2 protein chains.
Amino acid sequence: MKRTTAADVARRAQVSTATVSLIVNGKAEGRVSPGTRDRVLAAVDELGYRVDAVARDLATGRRHSVALVVPDIANPYFSHLTQGVAGRLGGGYQLCLVIADPAHDPRPAGLDRIVGERVDGILAEAPAVDLIRRLDGRTPLVVLDRPSPGWDSPYVGFALSEGATALIDHLLDLGHDQIGYLDADIGVPTFKARRACMDDRLRAVTGHGFTGPDVQARTDIDAAAEAFTAHWDGWRAAGVTALVCAADVQAYGVLRAAARLGAAVPGELSVAAFDDLPFSALVSPPLTTVKLSAFDLGHRAAGLLLGLMEGRPLDGAVPLLPASLQVRGTTAPPKPAR
Amino acid sequence: MKRTTAADVARRAQVSTATVSLIVNGKAEGRVSPGTRDRVLAAVDELGYRVDAVARDLATGRRHSVALVVPDIANPYFSHLTQGVAGRLGGGYQLCLVIADPAHDPRPAGLDRIVGERVDGILAEAPAVDLIRRLDGRTPLVVLDRPSPGWDSPYVGFALSEGATALIDHLLDLGHDQIGYLDADIGVPTFKARRACMDDRLRAVTGHGFTGPDVQARTDIDAAAEAFTAHWDGWRAAGVTALVCAADVQAYGVLRAAARLGAAVPGELSVAAFDDLPFSALVSPPLTTVKLSAFDLGHRAAGLLLGLMEGRPLDGAVPLLPASLQVRGTTAPPKPAR
DNA sequence: GTGAAAGCGCTAACAG
DNA sequence: CTGTTAGCGCTTTCAC
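Just so it is clear, the model here is predicted, and its values are computed rather than measured.

Scoring rules and cut-offs
- Residues numbered from 1 in each chain as written.
- Chains lettered and ligands numbered in written order.
- Predicted model: local features only at pLDDT ≥ 70, side-chain atom pairs only at ≥ 80, totals over all residues.
- Heavy atoms only, no water.
- Helix = DSSP H or I, 4+ residues; strand = E, 2+ residues; numbered from the N terminus.
- Buried < 20%, exposed > 50% of the residue type's maximum accessible area, 1.4 Å probe, protein only.
- Least-squares fit on C-alpha atoms with pLDDT ≥ 70 in both.
- Contact = heavy atoms within 4.5 Å.
- Near = heavy atom within 4 Å.
- Polar contact = N/O pair within 3.5 Å; in protein donor to acceptor, adjacent residues only side chain to side chain.
- Nonpolar A, V, L, I, M, F, W, Y, C, P; charged D, E, K, R; others polar.

With that settled, the discussion passes to unusual backbone geometry. Residue Pro266(A) follows Val265(A) across a cis peptide bond; omega there is 5°. Tracing the chain through its elements places Pro266(A) in the loop between α11 (248–261) and β9 (270–275). In this structure, the amide linkage connecting Ser284(B) to the following residue, Pro285(B), adopts the cis form with an omega of -5°. Inspection of the secondary structure assignment puts Pro285(B) in the loop between β9 (270–275) and β10 (288–291). A positive phi angle is found at His64(B), which is not glycine, with a value near 55°. In this structure, His64(B) sits in the loop between α4 (53–60) and β1 (65–70). Assessed through its relative accessible area of 22%, His64(B) is described here as partly exposed. Its identity is not glycine, yet Asp276(B) carries a phi of approximately 55°, on the positive side. Asp276(B) sits in the buried class, given a relative accessible area of 13%.

Structure (structure tokens):
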């Protein structure tokens with residue numbers, strides 16, 4: 001009732017395990033006679049032999065697997081990213097998913113494991129530098145979304161500041177002056193950066209930053225709706241006429257909550273966000289948002305990692321992916337003051 | 001520049017590798033003197049030693065990892081499922097994601113790999129029996145969503161037929177008689193079963209099945225919108241006044257396409273689906289759908305697998321998760337015939 | 001308390 | 001062409 005091993009196959013085919021190894025790995029070309037090859041293959045088949053990846057990996061030092069570290073797979077942004085990674089990786093590598101949200105778990109056990117696991121490569125959503133330090137420093141690492149400050153690993157991200165600038169300018173052009181911000185409570189720089197880029201632009205043009213209460217919410221519809229419900233009075237009191245959310249899913253919650261509170265969008269409040277999920281064109285009103293293709297991000301990052309793992313050096317800097325503003329129905333000029 | 005091994009630590013701490021092993025695994029209780037323990041711990045720290053999981057696993061036979069096989073991680077249904085699995089698994093197991101859509105790739109390489117990888121357990125979205133046969137038959141397996149016909153593995157799923165029946169009856173009660181169906185093109189039984197359950201009920205009550213063209217589309221908004229656009233005439237010609245979709249995301253596409261084609265929902269066409277994703281309450285009109293909590297499914301399946309892996313026998317049959325109809329705004333009585 | 005030694009199952013030189 | 005042998009790095013009896 002045990003696993004069948006190469007030794008079993010060897011015994012049955014009257015050869016050595018070395019020969020079995022050569023054959024099952026397709027390295028038998030011109031080194032093994034067709035006769036023995038067939039005998040071995042037959043034995044493999046009859047016994048249902050599969051090479052033990054653990055033993056092979058121990059012997060060869062390769063792992064045929066890469067780890068992907070993301071904070072929250074339920075967010076479509078990250079699941080699209082994962083899809084992109086998986087698609088590019090193809091069948092040659094096993095994808096090990098590590099869900100680690102640094103804000104909620106500063107020392108994710110998963111991270112320590114992946115270095116013990118000796119994966120061939122790591123893709124990590126904008127990890128903090130002290131997380132990177134806990135890696136072994138030898139495994140190829142590609143950082144997603146944002147460079148880790150003070151650490152230069154290869155990374156692929158979006159031209160975030162362009163998108164953020166476009167969004168702020170759009171709001172300013174419409175006549176908004178007091179803009180509120182609903183942030184994500186997830187501790188990854190992606191979200192920090194979204195805010196920071198907009199804040200920079202806002203200050204550069206108006207001399208002040210975001211207006212009203214500083215609110216963070218989980219990146220899901222219900223949490224964002226609750227947060228909006230709790231803080232809408234505060235924002236309104238501060239004169240906020242436009243609210244930017246860190247993620248589309250949050251904007252959905254805001255839209256729902258605003259409808260329930262009787263706050264007209266975009267009449268009384270303009271709403272905008274980041275991601276441009278497929279659903280964003282469908283909500284009503286359709287959401288003005290900065291498009292970030294997470295799928296492309298994952299796809300490209302995986303491609304880069306593939307190169308690194310095969311020892312190819314990076315050919316120059318990796319171009320940033322576009323972050324373009326999609327203007328739709330949730331933004332409009334503010335109501336003239338009464 | 002090599003990885004530091006237990007031997008390095010042993011040398012530095014003047015002990016044997018056996019002692020190192022005992023200590024780093026916390027099995028030193030009363031078997032190692034505090035003095036040597038501290039020496040070893042210090043050496044571990046200075047050298048940055050981490051046990052090599054591959055070698056450990058080869059020696060112990062355990063893997064501390066489970067594989068999750070799903071057809072499409074970009075579909076929120078499966079990403080929520082994954083989230084549920086990951087949450088329940090916790091830090092003790094590494095999650096290996098295998099994306100394998102049997103319809104598009106009948107012999108996914110990923111599947112063969114996981115048996116070679118010797119994972120401790122497998123969670124698989126309703127696998128076909130010949131896929132199960134390619135597993136090693138020894139690794140604990142929990143089937144998600146639908147039992148594999150003619151194979152009894154532990155499985156956890158929804159009371160689909162109840163939800164399907166409720167939906168059909170709802171439509172019938174409203175006065176619909178000709179009901180169309182937009183199916184998923186993904187080859188997993190989850191989707192097949194959704195259709196089959198409804199078809200059963202429909203035939204039982206009306207004597208006929210679904211009406212109009214047999215259409216399948218990818219489970220994403222755009223693909224479903226296209227499919228609807230291409231086939232709306234066919235459905236209408238067949239007298240269809242209600243359309244059921246295999247998944248909420250498809251219904252979103254249908255809603256969008258219907259709006260563009262000028263088909264009023266629910267005035268001219270009622271629309272319903274399965275999943276009840278968080279967005280479904282937000283589209284307009286809000287979607288009537290059968291709620292299936294993929295998160296709970298993943299969570300419970302992972303719990304079951306955990307038990308199996310620890311050698312606990314299943315305590316009786318696993319109860320099905322509820323599949324309850326959520327009636328919202330996309331279903332209404334058909335327009336009276338002119 | 002601690003160490004020596006025998007595997008875990010496979011790969012890769014090196015002989016023959 | 002094929003077999004022998006020496007690891008890969010760790011765990012785990014079993015002596016000392």
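Structural alignment of chain A on chain B gives an RMSD of 0.1 Å, achieved by rotating through 180° and translating 0.0 Å along the axis. Classification of the inter-copy transformation places it as that of a two-fold axis. Minimal C-alpha separation from the rotation axis in chain A is found for Cys96(A), amounting to 2.2 Å. In this assembly the copies share their binding face: 96% of the residues contributing to the interface of chain A also contribute to that of chain B.

So, on to the protein's contact with DNA strand C. By nearness alone, 27 residues border DNA strand C, and Ala6(A), Ser21(A), Tyr49(A), Ser33(B) and Thr36(B) come closest of all. Within 4 Å of the protein, the atoms of DNA strand C are drawn from sugar and phosphate moieties in a proportion of 76%. Tyr49(A) is positioned such that a nitrogen or oxygen atom in its side chain is 2.5 Å from a phosphate oxygen of DNA strand C. Within the backbone of Ser16(B), one N or O atom sits 2.9 Å away from a phosphate oxygen of DNA strand C. Per element, the largest residue contribution to the surface near DNA strand C is four residues, and it comes from helix α4 (residues 53–60) of chain A. The residue makeup of the surface near DNA strand C, split by class, is eleven nonpolar, ten polar and six charged.

What is shown is where atoms sit, not what they do.
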